[in-house]
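Listed below, chain by chain, are the residues.
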Amino acid sequence: VGDIVKISVDGAPREFYVAHQGKPGDMYDDSCNGTWLLQRYAYTSRRYSTYANSSYSASGVNTWCNGDYYNSIDSAVRGLIKQVKIPYRPGSTGTTIYSGAKGLSVYVFLLSVWEIGATSSTVNIYCPHDGEMLDLFALSGAYAYKYFRRYNQESTRVYWTTRTPSTYGDSSGSAS
């Protein structure tokens, strides 16, 4: 955890942190038992979803992650990526979280605020509990700020968007 590996994406080597080893907690299906990687620098900026619709499962960014982005990963590596079931809130309203065997089936996904180190005292009441802290963020004690994304290794910081839904306001602009 914390090491960097390089994987070819769109034909260019990209750096990824080893973010976690194993299953982060009981909210996760056994499919999540493996090595979790987090791309070090932002790959793109795109809209999460439409105004006042924070449904990750129906979002354009989820479709893009598991379509265009997934297909841009080197085919030899892509063959090693498991489909996993991650905790998520279905729809764009309510507080129900589907987890374990009822989780969302994905290959590539945005992390939740809880996975990057949020706690009940650092998030607002509009963010349901949809994950557990990954070891990379437990080691840093920095609630993701140490690993803040930058475009193509430039110094310009970009917004860190998560899959954690908000029941309040717009879930626009994101960096993946």
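Values in this document were obtained by computation on a predicted structure and should not be read as measured data.

1. Examining the packing of aromatic side chains
Turning to step 1, where the next piece is worked out: Under the criterion given, the structure shown has 7 aromatic pairs.
Turning to step 2, where the next piece is worked out: Taken together, a centroid distance of 6.0 Å and an interplanar angle of 35° make the contact between Tyr-43 and Trp-64 tilted. With Tyr-43 in the loop between strand 3 (35-39) and strand 4 (45-46) and Trp-64 in helix 1 (residues 60-72), this residue pair connects regions lying 21 residues apart in the sequence.
Turning to step 3, where the next piece is worked out: Ring-pair connections join several aromatic residues into one group, and the members of that group are Tyr-28, Trp-36 and Phe-109.

2. Let's talk about unusual backbone geometry
Turning to step 1, where the next piece is worked out: Backbone geometry places Asp-10, a non-glycine residue, at a positive phi of 55°.
Turning to step 2, where the next piece is worked out: Along the chain, the position of Asp-10 falls in the loop between strand 1 (4-9) and strand 2 (12-21).
Turning to step 3, where the next piece is worked out: Note on Asp-10: relative accessible area 55%, which makes it exposed.

3. As for the sheet that holds strand 2
Turning to step 1, where the next piece is worked out: Pairing is antiparallel in the open sheet, where 3 strands are placed in the order 1-2-3. Unpaired on one side and paired on the other, strand 1 and strand 3 mark the two borders of the sheet. The mean inter-strand angle of the sheet, taken between neighbouring strand axes irrespective of direction, is 45°.
Turning to step 2, where the next piece is worked out: Across 5 bridges, strand 2 lies against strand 3 in antiparallel orientation. Paired with Val-18 across the bridge in strand 3 is Leu-37.

The rules behind the values
Residues numbered from 1 in each chain as written. Predicted model: local features only at pLDDT ≥ 70, side-chain atom pairs only at ≥ 80, totals over all residues. Heavy atoms only, no water. Phe/Tyr/Trp six-rings, centres within 6.5 Å; stacked < 30°, edge-to-face > 60°. Helix = DSSP H or I, 4+ residues; strand = E, 2+ residues; numbered from the N terminus. Buried < 20%, exposed > 50% of the residue type's maximum accessible area, 1.4 Å probe, protein only. Pairing = 2+ DSSP bridges. Axes fitted to C-alpha atoms, helices over the stretch in contact; angles between N-to-C directions.

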